[in-house]
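Listed below are the residues making up each chain.
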Amino acid sequence: DFTINKIAAGEVVERPVSVIKELIENSIDAGATRIIVEIQEGGKKLIRITDNGCGIDSSEAEKAFLRHATSKIKSIEDLYKTFSLGFRGEALSSILSVSKVQIVTKTACEKAGTKLSYEAGKLISREAVGTVNGTTIIVSDLFFNVPARKKFLKSDRSETIQISDIINKFSVGYPDIKFEYINNKKEMFSSIGDGDVTNCIRAVHGKDISQNLIQVDMEIRDMRIWGYISNTSVYRNNKSLQYVYINGRTVRNYALSNSINEAYKSIIPLNKHSICFLNINIDPKDVDVNIHPAKLEVKFKDEHMLYKEFKSALEGILLKSNI
Ligand code: ADP
Ligand code: MG
């Protein structure tokens, strides 16, 4: 039903950056090692994501766009075990109900690929095409059929800032994947994809940050927390950066952010900024990633204990590096 689909789209697809996040996650889930993101006019006019992942078989392609169609879980229990980024099967159907979408895709087993065009959720055309393995999805004229939502989009510049931020986060979080980012036909950024996190951090944020990092690798209860935090020279920096990934998902968690800020403050009282790139591996059943439809916010089972133990562990590391 069309109306229901439009309402659902509001949850997952708020703005261009949410489209990009969902599409990149699909590319990562598809095993891509190279992902090209191209935008025009803050993603409002055009978003094009090209990956070299597994592709979608021509017999499955239309199914992928159905609401709640997902190839990633078989039962509701799988939701709690999943390590793949997507699992609700909502993104594609939501995106195509509020824009014009073209998908070109091919699996390694097929000779020809499939090209599908949709407008406001309706299939306009379907044809077999010659193409390389992988998937390209073009989303144009976002919200062209939902003026009320379109009105809430910000300036190109402001939408672009959010898009750049999420691409930076994916690049650092997935150092094995080569990301390329093109904005209004101009190449903004290209990561190496050689698996080295510090290389990615340098490519995205420059040497000042990548040269002042301390490696972190700790276990708190059943969690492994690893990555980099900036050393105590961070107070000279005018930038605050917190990248936190839980089982590969870039997330926001206030308890965690607070504990990082507090740790810096207690060791370096003048410090106003904290910089970290941290991965957390945790049993999926101990973290709730589904409290927000866009999966940005997470909640831990026992946030208070996490806050305290994590803060004191970080303080220990910062103190040692200060000597
Ligand atoms: P979810 O990611 O939650 O499964 P989506 O609506 O984002 O739901 O995608 C639906 C399905 O389409 C996925 O489960 C996957 O099978 C397929 N798919 C989407 N994007 C890609 C891609 N880039 N490469 C291969 N398959 C894809
Ligand atoms: Mg998805």
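For clarity, every value in this text was computed on a predicted model and none was experimentally measured.

Q: Explain the nonpolar core to me, using residue names and the numbers behind them.
A: Judged by nonpolar contacts, the single largest core of 39 residues is most densely connected at Val 19, Ile 20, Ile 24, Val 37 and Ile 95. Here this core gets six residues from one element, more than from any other, and that element is helix α2 (residues 16-29). Among all residues touching Ile 95, those that are not within four sequence positions of it are Val 13, Val 19, Glu 22, Val 101 and Val 139.

Q: Break down the pairing of strand β8 (residues 186-190) for me, with residues and values.
A: Pairing geometry for strand β7 (residues 178-183) and β8, over four bridges, is antiparallel. Bridge assignment links Tyr 181 to a residue of β8, and that residue is Phe 189. If you look at the hairpin formed by β7 and β8, you'll find two residues sitting between the two strands, and Asn 184 has a positive phi there, around 45°.

Q: Outline the sheet that holds strand β3 (residues 100-106), listing residues and values.
A: Pairing in this open sheet of eight strands is mixed, and the strands run β5-β4-β3-β6-β2-β1-β7-β8 from one edge to the other. Where the open sheet ends on each side, the last strands, each with one partner, are β5 (122-129) and β8. Along the sheet, successive strands turn relative to each other by an average axial angle of 10°, direction set aside. Along the sheet, helix α7 (residues 156-173) contacts β1 (34-40), β7 and β8; its crossing angle with β7, the most-contacted strand, is approximately 170°.

Q: Could you give an account of unusual backbone geometry, with specific residues and numbers?
A: One non-glycine residue with positive phi stands out, namely Ala 120, at about 50°. Mapped onto the secondary structure, Ala 120 falls in the loop between β4 (113-119) and β5. Of note in the backbone geometry, Arg 221 takes a positive phi value of approximately 50° without being a glycine. Structurally, Arg 221 is set in the loop between β9 (213-220) and β10 (223-230).

Q: Before we move on, can you summarise the environment of Arg 249 with the specific residues and values?
A: Structurally, Arg 249 is set in strand β12 (residues 249-250). Once the C-alpha coordinates of Arg 249 and Ile 260 are considered, the two residues, eleven residues apart in sequence, prove to be 18 Å apart.

Q: Any chance you could break down the sheet that holds β12 for me, citing the residues and the numbers?
A: Pairing within the open sheet is mixed, and its five strands lie in the order β9-β10-β13-β11-β12. Where the open sheet ends on each side, the last strands, each with one partner, are β9 and β12. As paired elements, β9 and β10 share eight bridges and run antiparallel to each other. Bridge pairing in β10 places Asp 217 opposite Trp 226. Relative to strand β11 (residues 241-246), α7 is tilted by about 60°, and along the sheet it contacts β11, β12 and β13 (275-281).

Q: Give me helix α10 (residues 254-267): which residues, what numbers.
A: Between its first and last C-alpha atoms α10 spans 20 Å; for 14 residues at 1.5 Å apiece the expected length is 20 Å, and the two agree. Of the positions making up α10, those classed as buried are Leu 256, Ser 259, Ile 260, Ala 263 and Tyr 264. The buried residues of α10 occupy an angular sector of 130° when the element is viewed end-on, so they sit on one face.

Q: So, the confidence of the model for the protein chain: which residues are in play, and what are the values?
A: Any segment with low pLDDT has predicted coordinates that should not be analysed in fine detail. When pLDDT is averaged along the protein chain, the result is 86; 83% of the residues meet or exceed 70. Across residues 1-7, confidence stays below pLDDT 50; counting only partners more than four residues off in sequence or on other chains, it has eight contacts. In the predicted assembly, ipTM is 0.99 and pTM is 0.88.

Q: So what's going on with α2? Which residues, and what values?
A: The end-to-end C-alpha distance of α2, which contains 14 residues, comes to 20 Å, matching closely the 20 Å that a straight helix rising 1.5 Å per residue would cover. In terms of burial, α2 is largely enclosed, as twelve of its 14 residues are buried. Looking only at α2, the buried set comprises Pro 16, Val 17, Ser 18, Val 19, Ile 20, Lys 21, Glu 22, Leu 23, Ile 24, Asn 26, Ser 27 and Ile 28. Within two residues after α2, Gly 31 carries a phi angle of roughly 80°, on the positive side.

Q: Describe the packing of α7 against helix α8 (residues 197-205), naming the residues involved and giving the relevant values.
A: At their nearest, the axes of α7 and α8 sit 8 Å apart, and the two run at 160° to each other. The orientation of α7 relative to α8 falls into the category roughly antiparallel. Two packed elements cross with a definite hand, and for α7 against α8 that hand is right-handed. Contacts from Asn 168, Ser 171 and Val 172 of α7 reach α8 at Val 197, Cys 200, Ile 201 and Val 204. Class assignment for the residues of the contact of α7 with α8 results in five nonpolar, two polar and no charged.

Q: Quick rundown of the pairing of β11? Include the residues and the values.
A: Pairing of β11 with β13, which is carried by six bridges, proceeds in the parallel orientation. Of the residues in β13, the one forming a bridge with Tyr 245 is Asn 279. Sheet topology note: the β11/β12 ladder contains two bridges and is antiparallel. Residue Tyr 245 lies in a different strand from β12, and its bridge partner there is Thr 250. Linking β11 back to β12 in an antiparallel pair, the connection comprises two residues, with Asn 247 at a positive phi of about 45°.

Conventions used here
- Residues numbered from 1 in each chain as written.
- Chains lettered and ligands numbered in written order.
- Predicted model: local features only at pLDDT ≥ 70, side-chain atom pairs only at ≥ 80, totals over all residues.
- Core = buried A, V, L, I, M, F, W, Y, C linked by C-beta atoms within 7 Å.
- Buried ≥ 20, exposed ≤ 12 C-beta atoms within 10 Å, placed from the backbone.
- Helix = DSSP H or I, 4+ residues; strand = E, 2+ residues; numbered from the N terminus.
- Contact = placed C-beta atoms within 7 Å.
- Pairing = 2+ DSSP bridges.
- Axes fitted to C-alpha atoms, helices over the stretch in contact; angles between N-to-C directions.
- Expected span 1.5 Å × (residues − 1).
- Arc of directions from axis to C-beta.
- pLDDT = per-residue confidence, 0-100.
- Parallel < 35°, antiparallel > 145°, perpendicular 65-115°, else oblique.
- Left-handed = near helix turned anticlockwise from the far one by under 90°.
- Nonpolar A, V, L, I, M, F, W, Y, C, P; charged D, E, K, R; others polar.

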